[in-house]
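Remarks on the overall topology
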Amino acid sequence: MASIPCPSCGTELPPSPQQCPRCGVRLTGPDAVRLWEVDQALARLSSERRALLAALSAPAPGATATTPGVVFAGAPQGAEPLPPAEAPRPPHRSWTTQQTLLAVGVLLVLVAGSIALAVAWFVIGRYGQVLVMAGLTALACQASLVLSRRHLPSSAEALAVVAGGLLLLDASAARRFGLAGLDGVDVHAYTAVSGLLVALVLAALHRRDRRVAAFGVLSLTAASVAWGAVVTVPAQALPTAVLALLGAPLFALLHLALPPTLGVVRRAATGPAAGWLVVGAALATAIAADVEPGDLRTNALLADALLLAVAALGALVVARVVRERSAGLGSRAAVRADWAQRWLTGDWRAVGVLAAVASGTAPVAVLSLSVQLAPVAAAALGVLLAAVVVAVVAVRPLRSRVGQLWLEAEVTAVLVAAFLATVVHASQPAQACVLAAAAVAATAVAVVRHPWRALASGVAAACAVGATWLTADLVDEATAVVAVAAVGLGLVAAALVRPRRAEEVPLGTVGAIALVAALADAVTQGLDRPVVVAVLACATVAGVGTAVLRPTLRPAATAVAVVTGTGLAREVGLLVSSYAEWASLALTALVLAGLTAWRRLRPEEPVLGGFAIVVGVLALALGLDRDLPHSTAAAAFLYALAALGTSVPASRRPVVLVGVAAATTASWVELLHADVTTLEAYTLPPALLLLAAGLWSAQLLGRRSWLVAGPGLAVGLLPSALFTAVDDGLLRPLLAVTVAVVVLVVGAWRRWQALVVLGAAAAVVVGITQLGPYAVHLPRFLTLGTLGVALLAIGARYEQRRANARHAISWLASLS
């Protein structure tokens, strides 16, 4: 009979066992019987599963292949589709209570060991201390290995940390207390040798039991401490940086050369390699950054060369790793997917650090070198780098390789560093030269690299604008402003002739920004008026072109064109005279009104109409300020005619109010200039205009009296009625009350509420104003008696009067 394995550890059991001789699990009792039954059931189910898979894998006639998300051919009608198979997820690792307790225990043991070392030294002497600490260290190491063999990994790792800590503590204490004359050894040499020995011991322990990962990690930590002692030997910064950088290939060599039996020591050696690479690059960067413009320094130049070497070697190493992984995984796409999925784990973490450091060191080196060189040399370096960009994109075809993309991005970053160096030099010609070269390089990229055309076009446009500004500013600021405005107009034009292309939006955006910047600089710096006119002309042409060729942007472009065009007209008028300035504004308002009528029912109509009103108001205000009454009145009358023409269609009838306001303004300006003081001369014209406009639009207003006749009658009737209070004449009160009664009668006849209310109110106001002076001079008994009799009459017939009042209110409310 075949032997039965232990259900826990798999060890072969002897006949009739009571418990496992290795792991000690009990094999008798009800629980053991139930465990046996469960194992037998699992075995039967596993056999059945294998048989089903074998049957389904064999080709059969009429069989239907199944894919994730498809129902089996033999499934009942309406069955749910099979969900796609999911890869098993790794268990979520969390810090358990046991691990917490063990960690606290490790900390307490280390602290207790430190205290014991300090106290017991003076009691048992040096050699006694050596024996005690060596015994404790050996005991911790052996206990960790024993616990690992007993399948207690957490406890084994905790004791391994204790053992490693005790080893480092022993090594440190041996020199500190002068054991065997070690206090006379150089601290750097002792740290390097002792760290290396501790690393070897811990590596040997890890090799003995690779399940205890703490031994391997602590071995690399001790090796890093040893190399740190070597790095700190030189007193100068540059040798320190070189030694730190050498730590990267040293630990990488350990990763490649160590046998697989060392487990974690071999696999995790890339971590210290990446760490020393970062430390060395940081030290070299600090040396390279300690420079002054135009001052060549040997240390800085050597640091620049070191950084460039790191960039080149790092790129080669990354390329080699990718090439080897591609051979193993089958394609570069698989390598990219694997790197993207595990970029923080395994070797990819170190490779990613190396790629990041290599990407950053080259721009830093070029920036430092360019700052140390003269401005002309820095500019020449920038032009050379731009030529390299053009050569790279022209010679190398477009491929989706990470290496090619990295090379082009790196050259671009180096070119940016060269430009920053010219900024540090504060050399305007050098900056213009580098920007022009960058514009050419970006243009080449936009032409050759279609996927990058949008970004490259924007960069090229921005560099071209900057180069133009800096170059023209060498002449004077006015030339720079005009040149930038011209370049901005050219960029907008280039965007307009490239509809629905990748470069359309970047070119148009940069061009618009250039125009805005030029206009802002021209206005804020108080440049000559011809310069402002030129910039406004460029902006107006750009706005008009965009409004014509881009229907989706037409409202916004129309607004820009109107604003800049109005400013252009005003500035051109100012070049002639102040009257020409007013005339240009007035003519612009008329042109905008005509365009509003022409573009009726178009998206830009509200924009044109609104600006026509605003510009017209500005023209009238300017005319009054310049004491041009007749010209202002004539312009207002023309505006009224234009508004009347625009309001002819029923959908634009509200514009007639603008015409009324303009005609009223025209009449008032002439009346004021003629010193006319009669009130009706100011109120009757707008009243007649409002009444005519209301009657013309009665159909649209629903024939509501307050909208049709109310505004006109209120303006024409109420001011005259109120003015009778201070008018000593008889003609105005007589005419006012007559007109009020006529309006009241017509309103009652036509059943128009507004006429009834306004006519009655005007008549009452006139009556009160005319009776008031006489009522003041009447005897007291007569006025009081009249009021009393009136109250008695109302009180005697209160119910009837109340009903009459309700009837009157109902009748008034029933009017339209």
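The shown structure was predicted, so the numbers you read here are calculated from the model rather than taken from an experiment. (Residues numbered from 1 in each chain as written. Predicted model: local features only at pLDDT ≥ 70, side-chain atom pairs only at ≥ 80, totals over all residues. Heavy atoms only, no water.)

Looking at unusual backbone geometry
At R500, a residue that is not glycine, the phi angle is positive and equals roughly 55°. If you trace the backbone, R500 turns up in the loop between α16 (477-496) and α17 (504-524). Of note in this structure, D675 is not a glycine but carries a positive phi near 60°. Structurally, D675 is set in the loop between α23 (656-673) and α24 (679-696). Classification of D675 by relative accessible area gives exposed; the value is 63%. (Helix = DSSP H or I, 4+ residues; strand = E, 2+ residues; numbered from the N terminus. Buried < 20%, exposed > 50% of the residue type's maximum accessible area, 1.4 Å probe, protein only.)

Considering the confidence of the model for the protein
Per-residue pLDDT for the protein averages 79, and the proportion of residues at 70 or more is 82%. Element-level pLDDT for the protein is lowest in helix α30 (residues 798-814), with a mean of 57, against a maximum mean of 92 in α16. For residues 62-92, every residue scores under 50 in pLDDT, and the model assigns this stretch twelve contacts once sequence neighbours within four places are set aside. (pLDDT = per-residue confidence, 0-100. Contact = heavy atoms within 4.5 Å.)

Things to note about the packing of aromatic side chains
Within this structure, the stated rule accounts for one aromatic pair. Seen in terms of ring centroids, Y579 and W582 are 5.7 Å apart; in terms of plane orientation they differ by 40°. Their pairing is tilted. On the criterion of helical spacing, the pair formed by Y579 and W582 is a turn pair, its members being three residues apart in helix α20 (residues 578-598). For Y579, a relative accessible area of 42% corresponds to the partly exposed category. (Phe/Tyr/Trp six-rings, centres within 6.5 Å; stacked < 30°, edge-to-face > 60°.)

Brief notes about a nonpolar patch on the surface
Together, F637, L638, L641, L644 and W696 line one region of the surface with nonpolar side chains, adding up to about 470 Å² of accessible area. Here the element with the most residues in the nonpolar patch is helix α22 (residues 629-646); it accounts for four residues. (Patch = residues over 30% accessible without salt bridge, like charges linked within 9 Å, V, L, I, M, F, W, Y side chains within 5 Å. Areas by Shrake-Rupley, 256 points an atom, 1.4 Å probe, with all protein chains shown as cover. Salt bridge = Lys/Arg side-chain N within 4 Å of Asp/Glu carboxyl O.)

A closer look at the environment of V562
Relative to the helices and strands, V562 is located in helix α19 (residues 554-576). V562 gets classed as buried once you look at its relative accessible area, which sits at 7%. Residues within four places of V562 in sequence aside, it is in contact with L592, L608 and F611.

Some points on the side chain of S144
Considering the arrangement of structural elements, one finds S144 in helix α2 (residues 97-149). A relative accessible area of 0% means that S144 is categorised as buried. Look past the residues within four positions of S144 in its chain and what remains in contact with it is A156, L159, A160, V212 and F215.

Considering the side chain of Q431
Take Q431: it is sitting in helix α14 (residues 428-448). Q431 gets classed as buried once you look at its relative accessible area, which sits at 14%. Setting aside residues no more than four positions away along its own chain, Q431 makes contact with F419, T422, V423, A426 and L470.

A closer look at the layout of surface pockets
When its volume is computed, the largest pocket comes out at roughly 900 Å³. Lining the largest pocket are 28 residues, and of these A248, P249, A252, V317 and L354 sit closest to its centre. Listed by contribution, the elements that provide at least two residues to the lining of the largest pocket are α6 (237-257), α8 (270-289), α9 (298-329) and α11 (346-372). Considering each element in turn, the lining of the largest pocket owes the most residues, eleven residues, to α9. In the lining of the largest pocket, the residues fall into 20 nonpolar, three polar and five charged. (1 Å grid on protein atoms, 1.4 Å probe; cavity = no way out; pocket = protein on both sides within 12 Å on 5 of 7 lines; lining within 4 Å. Points joined across faces, edges and corners; volume = space filled by probe spheres on them. Nonpolar A, V, L, I, M, F, W, Y, C, P; charged D, E, K, R; others polar.)

Some details on helix α21 (residues 605-625)
Taking 1.5 Å of rise per residue, 21 residues should cover 30 Å, and α21 covers 30 Å from first to last C-alpha, within 8% of that figure. Listed as buried for α21 are E605, V607, L608, G609, A612, V615, G616, A619, L620, L622 and G623. One or two steps after α21, the chain reaches D627, where phi turns positive at roughly 60°. (Expected span 1.5 Å × (residues − 1).)

What to know about the pattern of salt bridges
Counted by the stated rule, this structure contains eleven salt bridges. A salt bridge links R550 to E504; the nearest nitrogen and oxygen atoms lie 2.6 Å apart. Of the two residues, R550 sits in the loop between α18 (529-549) and α19 while E504 sits in helix α17, which places them 46 residues apart along the sequence. Judged on exposure class, the residue R550 and its partner E504 are both buried. A single network of salt bridges, built from pairs that share partners, joins R529, R570, E571, E581 and R626.

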